[in-house]
There are 2 protein chains.
Amino acid sequence: MATKEQSKEMTRRQFLNTVGKLGGSVAVFSLMGTMGLLTPQTLKAAEFTPPGRNDLQLSGRTGQKIIILGAGIAGLTAAYELGLAGYDCTLLEAKGHAGGRCWTIRKGTAASEIGTGLQIARFDNDPGLYFNAGPMRIPQFHVTMEYCRTLGVAIEPFNNVNESGYYYNENAGPLSGQRVPKRAAKADMRGYVAEMLAKAVDQKALDLPLGPEEKAKLVEYLRAEGDLSPDLFYKGSSRGGYKTEPASRLDAGVRRDPFDLKSIVNSGFGNYFSNEYSYDQQMLMFHPVGGMDAIVKAFEKHVGDRIKYRTEVQEIRQSASGVRVVYKDLATKQEHEIAGDYCICTIPLSVLKKIPADFSPDMAKAINSTRYASAGKIGLQFKRRFWEEDEHLYGGSSLTNMDITQIYYPSNDYFSKKGILLGYYAYGGIADKLGGMSYQEREKLALTQGAKIHPQYMKEFDASFSIDWKRVPYQEGGWVSYSADDRQTFYKTLCKPDNRIYLAGEHISYITAWQAGAMESARVVVSDLHQRVMQA
Amino acid sequence: MATKEQSKEMTRRQFLNTVGKLGGSVAVFSLMGTMGLLTPQTLKAAEFTPPGRNDLQLSGRTGQKIIILGAGIAGLTAAYELGLAGYDCTLLEAKGHAGGRCWTIRKGTAASEIGTGLQIARFDNDPGLYFNAGPMRIPQFHVTMEYCRTLGVAIEPFNNVNESGYYYNENAGPLSGQRVPKRAAKADMRGYVAEMLAKAVDQKALDLPLGPEEKAKLVEYLRAEGDLSPDLFYKGSSRGGYKTEPASRLDAGVRRDPFDLKSIVNSGFGNYFSNEYSYDQQMLMFHPVGGMDAIVKAFEKHVGDRIKYRTEVQEIRQSASGVRVVYKDLATKQEHEIAGDYCICTIPLSVLKKIPADFSPDMAKAINSTRYASAGKIGLQFKRRFWEEDEHLYGGSSLTNMDITQIYYPSNDYFSKKGILLGYYAYGGIADKLGGMSYQEREKLALTQGAKIHPQYMKEFDASFSIDWKRVPYQEGGWVSYSADDRQTFYKTLCKPDNRIYLAGEHISYITAWQAGAMESARVVVSDLHQRVMQA
């Protein structure tokens, strides 16, 4: 019965798509409002109505040639959407693979950084043994999820929050050099803070704008929040874990003793808590099964035949009537030229600024003014998953004020024999420092510091692969970095089409450092371009 | 090179197992201490050394017959461990399937509750369309994970925390009847509370035992915790979400407006936060791929041939020399008798108390004194996953003060077409109220109340299946419920062997309501029994 109805009936999604094609995004909006479906996310999703699949043909406008520079996530998204609408896209990609920073390292991955020798990943040949050198997680509400759905990319949770992970700080008071489970630090810090405020609620000095009943509700909340005793003291909590676990018969378990207030305040652990509160770091997060580049491979199924790999852009030229790009085929060392109607340029500005191009002076200046963030990662393959086997820790991270900054445990292939940890993920000055080291020195540092948290490191280590994004050819940076001032000044120039050239990428968005930024920026360029073509 | 070393070398786990076999658990303990591997969890794991596989044979003690009453998780664990050691186990199971409360509902599941008619699950035939009527999640540190590893049960994360889920309360001030994303309620409550305390830190009235530097650190923490402005005000936060999402070009996003302090305090949402802080509810949690009964099926591969299904225990008898159990074959209605050396009785005490048995007066009294908690669940199959498609909500829960108490979204088969929600999961008096309704009335209530949170409910609904655990034959309760007093009195009797009968199950543990309690209790009985047999 249900199955019959279902097959007869158009899904809501199909219906909205149809309305979109007939009446455009305004019609979709109005209808969704009527249907009670308007949320910030659906609003945003509804903003993009892909170009009609027959628009070009019906209006006799076939043959529009679009040259897309860079087959990263922005370039792939643009080529995919334009391709569906009948545009003739060509992608020039300097690397031997698509995806840009969406790059998954596995056995045999070979790459040279700028100024250093070749590095080959000597990981085992196993689909679960990979690590994502660039983006590694996707918030539920990012458009990236919608492309995974549309392209048939299977996803699984990325364990961004795990209370069994550790905090480990040095030079931070009595708890220095001690690995502390996150659950323990959180229970104590939240407990003491709730106690302080619960006792103060009734003090006149605080002058809270609450009536007596509301004050009672606040105290009730603080008791729950801090696991306080009836007389409003924090005396430790099972939330922080046990010295001896509860078990069968008379084993009631023995709770750990709480740290004292001074120790936990001086540890600095509390400053880590809010990492997990950021809008784009909150649970739940996801990643594709088998590596982030599953997204790239899925796009390549649609547009792979439009990509010229290992082609390095030499010049970007434009006139009133079209664009022209000179590129070098890195295999043959021959220069070629390609002409088109429009150009979508997704090359990171750190690289683009060095390419001769016909940009307006304002655009050239904006490109030159843009800075990129440093970021570095190392993948460490271990002979066994000691974090799972010995420590009952399945995914998530440990955070530290050592240079390695953080360790992430794999959120895939639980219970399998070997595993690849993210041994460090550093930003800013620390990333630059690590990037300045040889691959061997980076490995040694990751192992030496990591072993302070996990003594099993040295015995179980297998192989490493490290990345310094500032030194990755054709990338030269982790992600764009704008100040509030930058956004008010030159960023606005970057957002405007420069005659026939449109910039796209995470750098043309307010979701910088995320694939969703690249995708959203590609979609808006696609819409713009299509509108321009249809009105021409 | 790495691969060679690995194959030559014994893993740490294998090594410890070997040591355990040679020298018993004391040797394992001492060695693990030396190796720096002693954590509360490993300590607990090390406490169980399975009976030696050749102990019986080497000592000429073959032929020990163990009768296990109930093929739930405790019975299966006991049979598995004893079977490996060469014991001759027979399991009597009243139902047609093993697992007890570890019960997964899928297409065709048919069951009658006590006092009501037959209910058949009319879900679609699809491996992803199931719901776990009993246990549905596993903390990382529970022994359940170790059995999954050992038995080859594939696991995936159970999304117990999802900031995109909702709170929805009625009769709770200005926010009554409004579904509020968890992230929004948390950002506001934490923000205001951090603001209150941050402003109070320097007030003498508070008299905090902290020096000026520590007070500054505390304020720094509170600023991070609450996302406060430099002058320590909470003015809203991107953590709470957006009215308009940030996107490409000039779309910086528009943050939602915070609720005012009075509204958020009166909403009662804050009292939900700490659910996620409980030791056994913290992320990360897991569940077997395809349904919790994957654990049962894995055990059945080893001991399935020892289970007599649909056999109802009529009498439990024991003497100085052995045990004797009278049971009825429910297929033939014939009574049979089985004799053995020992009995492990895992029958829930709510059922056991009605079975004539040779228990000591103390034990009989203890069994009679034990109370069980009420619990009820409903699974709702929907024609499409509107929570994923429309609301970008992948797993996790919504909480409410309506009778349905909570909704859980499936943590499996993301992006697939249909899905089964947990439409309510109620305890106590509410569970009793729902349990007293007909299956149709329960369904109607789940849909009517759920539709207040998800207007898509009515249009997309397919089929339901509901459970009231107090009415499930041979279970008659959700889980055992001891007061602190009970633990000090009759519980101690339940833990002791009664001549040749040993009780096992979640009710003989401090991990009640969890499969781990059943497993741990079975393991300790296995150890006891083996020691007794070897010393006899």
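Reading guide: rules and limits
Residues numbered from 1 in each chain as written. Chains lettered and ligands numbered in written order. Predicted model: local features only at pLDDT ≥ 70, side-chain atom pairs only at ≥ 80, totals over all residues. Helix = DSSP H or I, 4+ residues; strand = E, 2+ residues; numbered from the N terminus. Rg over C-alpha atoms; globule rule 2.2 N^0.38 Å. Buried ≥ 20, exposed ≤ 12 C-beta atoms within 10 Å, placed from the backbone. Contact = placed C-beta atoms within 7 Å. Expected span 1.5 Å × (residues − 1). Arc of directions from axis to C-beta. Pairing = 2+ DSSP bridges. Axes fitted to C-alpha atoms, helices over the stretch in contact; angles between N-to-C directions. pLDDT = per-residue confidence, 0-100. Least-squares fit on C-alpha atoms with pLDDT ≥ 70 in both. Parallel < 35°, antiparallel > 145°, perpendicular 65-115°, else oblique. Nonpolar A, V, L, I, M, F, W, Y, C, P; charged D, E, K, R; others polar. UniProt positions renumbered as here; feature names shortened; annotations may be inferred. Core = buried A, V, L, I, M, F, W, Y, C linked by C-beta atoms within 7 Å.

For chain A, the name recorded in an unreviewed UniProt entry is NAD(P)-binding protein, with Paenibacillus campinasensis as its organism.

### A closer look at the overall build of chain A
Along the backbone of chain A there are 20 helices and 26 strands. Here the C-alpha atoms of chain A give a radius of gyration of 27 Å, agreeing with the 24 Å that 2.2 N^0.38 yields for 536 residues. Its C-alpha atoms put chain A at 80 × 60 × 55 Å along the principal axes. Residue burial in chain A is summarised as follows: out of 536 residues, 51% are buried. A sequence separation of at least 24 residues applies to 68% of the contacts in chain A between residues at least 6 apart.

### So, helix α8 (residues 212-226) of chain B
Residues and elements named next belong to chain B. Over its 15 residues, α8 runs 21 Å from end to end, which matches the ideal 21 Å to within 8%, given 1.5 Å per residue. Among all positions of α8, only Lys217, Leu218, Tyr221, Leu222, Glu225 and Gly226 are buried. Relative to the axis of α8, the buried residues are bounded by an arc of 155° and lie together on one face. Of the residues in α8, the exposed ones pointing more than 90 degrees away from the buried face are Pro212 and Glu213. With its phi angle positive at about 55°, Asp227 sits one or two positions after the end of α8.

### Quick look at the sheet that holds strand β15 (residues 311-318) of chain A
Hydrogen bonds between backbone groups are what pair the strands of a sheet, and the pairing can be parallel or antiparallel. Residues and elements named next belong to chain A. Sheet architecture is open: 3 strands sit in the order β15-β16-β17, paired in antiparallel fashion. The open sheet terminates on both sides in strands that have one partner only, identified here as β15 and β17 (334-340). Strand-to-strand twist in this sheet, taken as the mean axis angle between neighbours without regard to direction, amounts to 20°. Sheet topology note: the strand β16 (residues 323-329)/β17 ladder contains 7 bridges and is antiparallel. Within β17, the residue paired with Lys328 across the bridge is Glu335.

### So, the sheet that holds strand β14 (residues 307-308) of chain A
All names here are of chain A. Taken in spatial order, the 5 strands of this open sheet run β14-β2-β1-β18-β26, and their pairing is parallel. Strands with a single pairing partner mark the edges of an open sheet, and in this sheet they are β14 and β26 (501-503). Bridging between strand β18 (residues 342-345) and β26 involves 3 bridges; their strand directions are parallel. Residue pairing in the sheet places Cys343 in a bridge with Ile501 of β26. Contacts between helix α5 (residues 73-84) and the sheet are confined to β1 (65-69), β2 (88-92) and β18, with β2 contributing the most and set at about 165° to the helix.

### Comments concerning the confidence of the model for chain A
All names here are of chain A. In this model, chain A carries an average pLDDT of 92, and 91% of its residues clear a pLDDT of 70 or more. Long-range and interchain partners of residues 1-38, a stretch whose pLDDT sits below 50, account for 34 contacts in this model, where long-range means more than four residues apart. Complex prediction metrics read pTM 0.92 and ipTM 0.91.

### Concerning the relation of the copies chain B and chain A
The transformation that overlays chain B on chain A combines an axial shift of 0.0 Å with a rotation of 180°, and the residual RMSD is 0.0 Å. One copy is carried onto the other by what is essentially a two-fold rotation axis. For chain B, the smallest separation between a C-alpha atom and the rotation axis is recorded for Leu197(B), amounting to 2.9 Å. When the interface residues of chain B are mapped onto chain A, 100% of them are again interface residues, pointing to one common binding face.

### Here's the deal with the packing of helix α6 (residues 143-151) of chain A against helix α20 (residues 515-535) of chain A
Any two packed helices are characterised by the angle at which their axes cross and by the distance between the axes. All names here are of chain A. Where α6 meets α20, the closest approach of the two axes is 8 Å, and the angle between their N-to-C directions is 75°. One way to sum up the angle between α6 and α20 is to call them roughly perpendicular. Taken together, the residues of α20 that come into contact with α6 (itself represented by Val143, Thr144 and Tyr147) are Gln515, Ala516, Met519 and Glu520. Looking at the contact of α6 with α20 residue by residue, the class counts come to 4 nonpolar, 2 polar and 1 charged.

### A look at the UniProt feature "domain: Amine oxidase" (unreviewed entry) in chain A
The feature "domain: Amine oxidase" (unreviewed entry), as given by UniProt, occupies residues 73-525 of chain A in the numbering adopted here. Overall, residues 73-525 of chain A shows 31% helix and 23% strand. The separation of its end C-alpha atoms is 14 Å.

### So, the environment of Tyr87(B)
All names here are of chain B. Structurally, Tyr87 can be placed in the loop between α5 (73-84) and β2 (88-92). Separated by 277 residues in the primary sequence, Tyr87 and Ala364 place their C-alpha atoms 28 Å from one another. Residues within four places of Tyr87 in sequence aside, it is in contact with Gln64, Ile66 and Leu82.

### Structural notes on the interface of chain B and chain A
Think of interface size as the accessible area that goes away when the parts come together; that is how it is often given. The interface of chain B with chain A comprises 96 residues on the first partner and 96 residues on the second. Broken down by element, the residue count for the side of chain B that touches chain A peaks at 7 residues, all from α8(B). Split by residue class, the side of chain B that touches chain A holds 45 nonpolar, 28 polar and 23 charged.

### Observations regarding the pairing of strand β22 (residues 406-409) of chain B
The side chains of a regular strand alternate between the sheet's two faces. Residues and elements named next belong to chain B. In the sheet, strand β21 (residues 396-400) pairs with β22 via 4 bridges, with the strands oriented antiparallel. If you follow Gly396 over to β22, its bridge partner there is Tyr409. Between β21 and β22, which pair antiparallel and follow one another directly, the connecting turn spans 5 residues, one of which, Thr405, has a positive phi of 65°.

### Some points on helix α7 (residues 182-200) of chain A
Three- or four-residue spacings in an α-helix give side chains the same orientation, since the helix completes a turn every 3.6 residues. In a regular helix each residue adds 1.5 Å, so 19 residues correspond to 27 Å; α7(A) covers 27 Å between its end C-alpha atoms and thus fits that length. Of all 19 residues in α7(A), 18 are buried, a share of seventy percent or more.

### Details of the nonpolar core
Ranked by internal contacts, the top residues of the largest apolar core, which has 289 residues, are Ala78(A), Leu197(A), Cys343(A), Ala78(B), Leu197(B), Cys343(B) and Ile344(B). Sequence-distant contacts of Ile344(B), defined by excluding residues within four places in its chain, comprise Ile66(B), Ile68(B), Ala78(B), Tyr502(B), Ala504(B) and Val525(B).

### Some points on unusual backbone geometry
Between Met283(A) and the following residue, Leu284(A), the backbone shows a cis peptide bond with an omega angle of 0°. Within the secondary structure layout, Leu284(A) lies in the loop between α10 (270-273) and β13 (285-288).

### Concerning the environment of Trp479(A)
Residue and element names in this part refer to chain A. By secondary structure assignment, the location of Trp479 is in strand β25 (residues 479-481). Overall, the presence of 22 C-beta atoms within 10 Å leaves Trp479 in the buried class. Linking Trp479 and Gly83, residues 396 residues apart in sequence, is a C-alpha distance of 27 Å. Those residues within four positions of Trp479 in sequence are excluded, and the remaining contacts are Tyr372, Ala373, Glu506, Thr512 and Ala513.

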